[in-house]
Amino acid sequence: MTQLVTDIICPFCGTLCDDIEVEVSDDGKKIIKVTNACAIGAEKFLHAQSPDRIVRPRMKQEDGSWKEVTYDEAAKYTAKILCDAKKPLMYGWSSTSCEAQATGHMIAELVGGVVDNTATVCHGPSLIAVHDVGIPSCTLGEVKNRADRVIFWGCNPAHAHPRHMSRYSIFSRGYFTTKGSKSRKIIVVDPRPTDTASVADYHIQIQQGRDYELIDALRVALQEGPLPETVAGVPKEKIYDIARLLKSGRFVTIFFGMGVTHSLGKNHNIDIAIALTADLNKYTKAAIIPMRGHYNVTGSGQVLGWQFGFPFCVDLSRGFARYNPGESSANDLLMRGEVDANFVIGSDPGSHFPFKSVKVINELPSVCIDPHMTPTVAVSKCHVPVALVGIEVGGSCYRMDNVPIESRKVVDPPAGMLTDGEFLELVLTEVQRIKGVAA
Amino acid sequence: MTEILIKNGFVFDPVSGIKGDKKDIAVKDGVIVESVSAAAKVIDASGMTVMAGGVDIHSHVAGAKVNVGRNFRPEDKLQAVYEPARGVRHMAGGNSVPTVFKTAYKYADMGYTTVIEAAMPPLYARHTHEEMRDTPIIDQAALPLFGNNWFILEYLKNGEIDNASAYIAWLLRSTKGYGIKCVNPGGTEAWAWGLNCMTVNDQVPYFEITPKEIIAGLMTVNESLHLPHSLHLHSNNLGNPGNYQTTLDSLKIAEGFKANNNFGRDQVMHHTHIQFHSYGGTGWGDFESKGAEVMDYINKNPNITCDIGFVTLDETTTMTGDGPFEYHLSALNHLKWANTDVEVECGSGIVPYIYSKDVYVCGVQWSIGLEMALLAKDHMRCYLTTDHPNAGPFTRYPRVMKWLMSEKARDEVFASMKAEDKVRDRSTLGSIDRELTLYEIAMMTRAGTAKALGMGKKLGGLVPGMQADIAVYPYNPETASDPEQIEYAFSNAKYLIKSGEIIINDSEIVSNGNKQTYWVDVKTNPSKQVEHDLREMFLKYYTVTERNYEVEEHAFMKNPNVISIDATQ
């Protein structure tokens, strides 16, 4: 007999679907089938069962080969490189639980590390914009129940957040949106004809990198102000039409992604997108929500916020928390050669950072905590495989709208394997021993 | 556990009626006792003031909106020095929205040991508990929001009090909440459409119920569940000139209600931050105090308690479940605005604010709070808060005490205002020469608040058998003459004992303590209707499943303290 485990959180993207059902073998060790999840989410569960999974920590040898070590040895190495360093970079955190993040932050506080998360190459500009202008927002259920005007700007949930449209934003039926997609007008702003654009009522094919101009024009159009013939490649009539469409709605929601945060203008694009949202509240109700990527990148910003007061790139190296994106952020530190040890958890900078940064990581004393073999592992000196949060261990996670949901354990990790939290506790104990402070 | 003897202090304890007598306080096994053995650690409190640990009835210190405040205001860290780690202390920063560590250390420095987080959006309950778990030292509890909850609006509209009771009991259990909070009843739901409810008789869009019916219904449920605390109300029309009428209308709803509980609580309604609700005038031009009228009503009605929400004339961060208010505030000051509407339940908004003493409206707001506290006849029913951080950071409590205890200190503030005459003209504060005593301060900050929270048998006093939460302040009531000494002493407790453990020893924090989180577990008769409605609502209108909604005690609470009630009769 197999068992069905229900109400599981999917540990893939910021949509954090919590209705996943997993069929496991009667001994509770093997995942047989995953239902309700999108293709990427299902693969994430199934991949946990991969027979070639690395199950023990390893140290890289002089010749580049790996030598297996114990978790204790790996923890001692990690603690030593962190304590020896003047300014260790502790990067990632977005694919692990809030409890593990909190333990990691206590280590960072003791060793004077810089804690940065993946927002630094993702929604960091959004967080900076929020410092400037705030953020009128709502939970995804408000979108489901009320939104009759939905904009996707510079994002493509059909591929990046596959169940977003059916669970929350387009097809779902809510309390005041009983006809599902027929209750809503969908607008996609994207230079590309994406799969999301194909289901929209309006696809605004904006010229690449001209987001600021178009949003600015929409703010003008809300007031029926004068516009040139075209803005960002969009005819002015269309801009006026969209502005009127938004004003005539009862509840507008703007979702935005990397197409806006990492095109020219960066945080300024988000500044004005938020300002547009605030403006819309003079006519109707409007909210704006960033499409967060990793399932718990939002949680990392939250835990850093309540413990140290800033959402990412927090520099603890001077004994108190400093925050200055562009100075205390991971790539800036790596490229300027300011860090002398590298610690990675719950992310893969080897794949996503500029080559110049990855080369620096390759030279540094470094540890990578990751269940998988990744490009980051390849450039690290020590690799610590751990149980997968949300599959083999539970823990708190935050959805893209900041709603916290507890992830659940579905199956046991491979025998003898530690969780992120357990390994970080080992490191913390060792750091406390080296520093001579009480536990 | 160690024994402690606090010797020779001037003790102020409204619970036992001690008004500054020199008395020894003994502690054993975490509670106050009559006497201890010769082996007890002796704390010499000669020339110092001894009170029970402070109990804050209303403060926003943990949860989603507080963290938005931290994360969206990096500049708030510049308002106060970011403190490095030392000894047992973690790094600690922020001023109006301090980090969890700073929150704990500053409350401890002020001699406070229990703090109620006054607004917990149920869907974000896990976040609130995670922050409270990471907040050392102080005992905490959180009040979930009900005034705009769809279940409640439906049940109360249909007069289904039993279903509303069963639902509230379920939600308190699911979110590990402490009591019933109601913010801008109906108005925050209306705000989801960009609207508001400004009087107690406005209809909530689509739900065909009025704020008056919501308030009355929630009070009925509160008493039928025998909850330790009463309805905790933030009424409609907060912050607007002329709103005192709405406030009086809201307070009058309590007429005829009687407290029904075993926790020693007498009130059926606690109206919070009443200062923000006691405004006269028709606009900002003729803005004036109606504090005297509102306090007169409260004085005459013993089934109501209130806290003030003193304006402290600082730069701060306003945050409330009153979403429409924050939007209007941002339209007023043009500073940044954050808002979150929460599906099925509630909403919130956050806006930075500068209460400048050079702006006459701020000056009048400052005087309204003090005026009301000085006109209060019973300080067991009128409490000291700043509605942290809305009217000012909680770290200003000692300054507020100074203003309450010294007319000279108040006159100094008046004299420093650009529009002194205008401010004096718009409230009666200038004509009040009352100066509160330490005994009355003890009522406002521990004995009274503990009683109103239904914790009066355990907290807020120094009677044998009570939890040993004790603060020793470097203040000699016989010789002190300068009002500044009040502010200094109550910001810098010399000793603090919490649950029998020494937290502050000779002005230095020496322990992160063993904090507790209180929550209320009420047993009610099962309701098939509520079970059905929960299933339906989670299936159709929530974005999390019913099973993923509950905050699990083992996972999110370090040291839970469950208050169990049987309300099945």
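What you are looking at is a predicted structure, and each value in this text was computed from that prediction instead of being measured. (Residues numbered from 1 in each chain as written. Chains lettered and ligands numbered in written order. Predicted model: local features only at pLDDT ≥ 70, side-chain atom pairs only at ≥ 80, totals over all residues. Heavy atoms only, no water.)

### Section: the overall build of chain A
Then comes step 1: What chain A contains, in helices and strands, is 18 helices and 22 strands.
Then comes step 2: The C-alpha atoms of chain A give 23 Å as radius of gyration, which agrees with the globular expectation for 439 residues (22 Å, within 12%).
Then comes step 3: Oriented by its inertia axes, the alpha-carbon framework of chain A measures out at about 65 × 55 × 40 Å.
Then comes step 4: Split into buried and exposed, the 439 residues of chain A put 64% on the buried side.
Then comes step 5: Long-range contacts, defined as pairs at least 24 residues apart, comprise 66% of the intrachain contacts of chain A with a sequence gap of at least 6.
Then comes step 6: Summed over its atoms, the accessible surface of chain A is roughly 15,500 Å², and 53% of this surface lies on carbon and sulfur atoms.
Then comes step 7: Measuring between centres, the 46 positive side-chain charges of chain A sit 4 Å from its 49 negative side-chain charges. (Helix = DSSP H or I, 4+ residues; strand = E, 2+ residues; numbered from the N terminus. Rg over C-alpha atoms; globule rule 2.2 N^0.38 Å. Buried < 20%, exposed > 50% of the residue type's maximum accessible area, 1.4 Å probe, protein only. Contact = heavy atoms within 4.5 Å. Areas by Shrake-Rupley, 256 points an atom, 1.4 Å probe, with all protein chains shown as cover. Lys, Arg positive; Asp, Glu negative; His and termini not counted. Charge placed at Lys NZ, Arg CZ, Asp CG, Glu CD.)

### A look at the overall build of chain B
Then comes step 1: Counting its regular elements, chain B contains 18 helices and 24 strands.
Then comes step 2: Taken against the 2.2 N^0.38 rule, which gives 25 Å for 569 residues, the C-alpha radius of gyration of chain B at 22 Å falls within 12% of a compact globule.
Then comes step 3: Per-residue burial for chain B yields a buried fraction of 69% across its 569 residues.
Then comes step 4: Contacts in chain B between residues far apart in sequence, at least 24 positions, make up 77% of those at least 6 positions apart.
Then comes step 5: Only carbon and sulfur atoms are counted for the fraction: they give 49% of the accessible area of chain B, which is about 17,300 Å².

### Some remarks on the interface of chain A and chain B
Then comes step 1: Of the residues lining the interface, 62 residues belong to chain A; the matching set on chain B comes to 53 residues.
Then comes step 2: Taken over both partners, the interface formed by chain A and chain B buries close to 5,000 Å², and the fraction arising from carbon and sulfur atoms is 53%.
Then comes step 3: In this assembly, chain A and chain B are joined by 3 salt bridges.
Then comes step 4: Linking chain A with chain B are 39 residue pairs in polar contact (both at pLDDT 80 or more). (Buried area = accessible area lost by both parts, 1.4 Å probe. Salt bridge = Lys/Arg side-chain N within 4 Å of Asp/Glu carboxyl O. Polar contact = N/O pair within 3.5 Å; in protein donor to acceptor, adjacent residues only side chain to side chain.)

### A closer look at the sheet that holds strand β8 (residues 136-138) of chain A
Then comes step 1: Strand order across the open sheet formed by 4 strands is β8(A)-β16(B)-β17(B)-β15(B), with mixed pairing between neighbours. The open sheet has two edge strands with one neighbour each: β8 of chain A together with β15 (315-320) of chain B. If you compare each strand with its neighbour and ignore which way they point, the axes differ by 15 degrees on average.
Then comes step 2: Against the sheet, helix α10 (residues 323-333) of chain B touches β15, β16 (338-342) and β17 (346-354) of chain B, its axis set at about 25 degrees to β17 of chain B. (Pairing = 2+ DSSP bridges. Axes fitted to C-alpha atoms, helices over the stretch in contact; angles between N-to-C directions.)

### A look at the packing of aromatic side chains
Then comes step 1: This model, assessed by the stated rule, comprises 38 aromatic pairs over all chains.
Then comes step 2: A centroid spacing of 6.1 Å and a plane angle of 10 degrees characterise the contact between Tyr175 of chain A and Phe207 of chain B, whose relative ring orientation is stacked. Of this pair, Tyr175 of chain A sits in the loop between α7 (164-169) and β10 (185-189) while Phe207 of chain B sits in the loop between α6 (187-191) and α7 (211-224), each in a different chain.
Then comes step 3: Judged by its relative accessible area of 0%, Phe207 of chain B falls in the buried class.
Then comes step 4: Judged by centre distance (5.9 Å) and plane angle (25 degrees), the ring pair of Tyr167 of chain B and Trp170 of chain B falls under stacked. Placement of the pair is Tyr167 of chain B and Trp170 of chain B together in helix α5 (residues 161-175), with a separation of 3 residues, close to one helical turn. Pair check on accessibility: Tyr167 of chain B and Trp170 of chain B agree, each one buried.
Then comes step 5: The structure contains a cluster of three or more aromatic residues connected by ring pairs, namely Tyr175 and Phe176 of chain A together with Trp150, Trp193, Tyr206, Phe207 and Tyr541 of chain B. (Phe/Tyr/Trp six-rings, centres within 6.5 Å; stacked < 30°, edge-to-face > 60°.)

### A few points about the UniProt feature "domain: Amidohydrolase" (unreviewed entry) in chain B
Then comes step 1: Following the UniProt record, the feature "domain: Amidohydrolase" (unreviewed entry) maps to residues 41-503 of chain B here.
Then comes step 2: Split by type, residues 41-503 of chain B is 36% helix and 17% strand. Its first and last C-alpha atoms lie 14 Å apart. (UniProt positions renumbered as here; feature names shortened; annotations may be inferred.)

### Points about the side chain of Arg399 of chain A
Then comes step 1: Position of Arg399 of chain A relative to the elements: it lies in the loop between β21 (395-398) and β22 (404-407).
Then comes step 2: Those residues in contact with Arg399 of chain A that lie beyond four places of it in its chain are Gly14, Thr15, Leu16, Leu140, Tyr168, Thr298 and Ile405 of chain A together with Glu343, Thr543 and Val544 of chain B.

### Concerning the UniProt feature "domain: Molybdopterin oxidoreductase" (unreviewed entry) in chain A
Then comes step 1: Per the UniProt annotation, the sites labelled "domain: Molybdopterin oxidoreductase" (unreviewed entry) are residues 53-349 of chain A.
Then comes step 2: Helix and strand shares over residues 53-349 of chain A are 40% and 19% respectively, and the end C-alpha atoms of the span are 20 Å apart.

### Quick word on the sheet that holds strand β3 (residues 31-35) of chain A
Residues and elements named next belong to chain A.
Then comes step 1: Strand order in the open sheet formed by 3 strands is β1-β2-β3, with antiparallel pairing between adjacent strands. If you trace the sheet from one side to the other, it starts and ends with β1 (3-8) and β3, each paired once. Here the average twist between neighbouring strands, direction ignored, is 20 degrees.
Then comes step 2: For strand β2 (residues 20-24) and β3, the ladder comprises 4 bridges, and the chain directions are antiparallel. When the bridges of β3 are listed, Glu23 appears paired with Lys33.
Then comes step 3: In the packing of helix α1 (residues 39-47) onto the sheet, the strands contacted are β1, β2 and β3, and the crossing angle to β3 comes to about 165 degrees.

### Description of helix α9 (residues 291-300) of chain B
Then comes step 1: Along α9 of chain B, the residues that are buried comprise Gly291, Val294, Met295, Tyr297, Ile298 and Asn299 of chain B.
Then comes step 2: Residues of α9 of chain B that are buried sit in contact with α8 (244-252), β13 (288-289), β14 (304-307), α11 (360-375) and β18 (382-383) of chain B.

### Things to note about the pattern of salt bridges
Then comes step 1: If you walk through the whole model with that rule in mind, you get 57 salt bridges over all chains.
Then comes step 2: The closest approach of N and O atoms between Asp401 of chain A and Arg399 of chain A, which form a salt bridge, is 2.9 Å.
Then comes step 3: A relative accessible area of 4% places Asp401 of chain A in the buried class.
Then comes step 4: What makes Arg399 of chain A buried here is its relative accessible area of 0%.
Then comes step 5: Two residues, Lys65 of chain B and Glu117 of chain B, come together in a salt bridge whose shortest N-O distance is 3.0 Å. On the criterion of sequence distance, the pair formed by Lys65 of chain B in helix α1 (residues 64-72) and Glu117 of chain B in strand β7 (residues 112-120) is long-range, its members being 52 residues apart. There is no split in this pair, since Lys65 of chain B and Glu117 of chain B are both buried.
Then comes step 6: One network of salt bridges, in which partners are shared, links Lys87, Asp315, Arg322, Glu327, Arg336 and Glu338 of chain A.

### A short note on the pairing of strand β14 (residues 251-256) of chain A
Residues and elements named next belong to chain A.
Then comes step 1: The element β14 is extensively covered by neighbouring structure, given that 6 of its 6 residues are classed as buried.
Then comes step 2: Of the two faces of β14, the one carrying Phe251, Thr253 and Phe255 and the one carrying Val252, Ile254 and Phe256 are both buried.
Then comes step 3: Bridge analysis of strand β9 (residues 149-153) against β14 gives 5 bridges, and the strand direction is parallel. Looking at β14, one finds that Arg149 is bridged to Val252.

### Description of the nonpolar core
Then comes step 1: Ranked by size, the top nonpolar core spans 244 residues in total, and within it Tyr167, Ile168, Leu218, Trp366 and Leu404 of chain B carry the most contacts.
Then comes step 2: Considering every element that reaches this core, the biggest residue donor is α11 of chain B, with 10 residues.
Then comes step 3: Not counting residues up to four positions away in its chain, the partners in contact with Trp366 of chain B are Val311, Leu313, Trp403, Arg410, Val413, Phe414, Met417 and Leu429 of chain B.
Then comes step 4: Counting residues in hydrophobic clusters, the runner-up holds 44 residues, among them Leu222 and Leu245 of chain A together with Val97 and Met319 of chain B. (Core = buried A, V, L, I, M, F, W, Y, C linked by side-chain atoms within 4.5 Å.)

### Re the environment of Leu218 of chain A
All names here are of chain A.
Then comes step 1: Structurally, Leu218 is set in helix α9 (residues 211-222).
Then comes step 2: C-alpha of Leu218 to C-alpha of Val403: the two residues are 185 residues apart in sequence and 30 Å apart in space.
Then comes step 3: Contacts of Leu218, omitting those with residues within four sequence positions, involve Trp153, Ile239, Ile242, Ala243 and Leu276.

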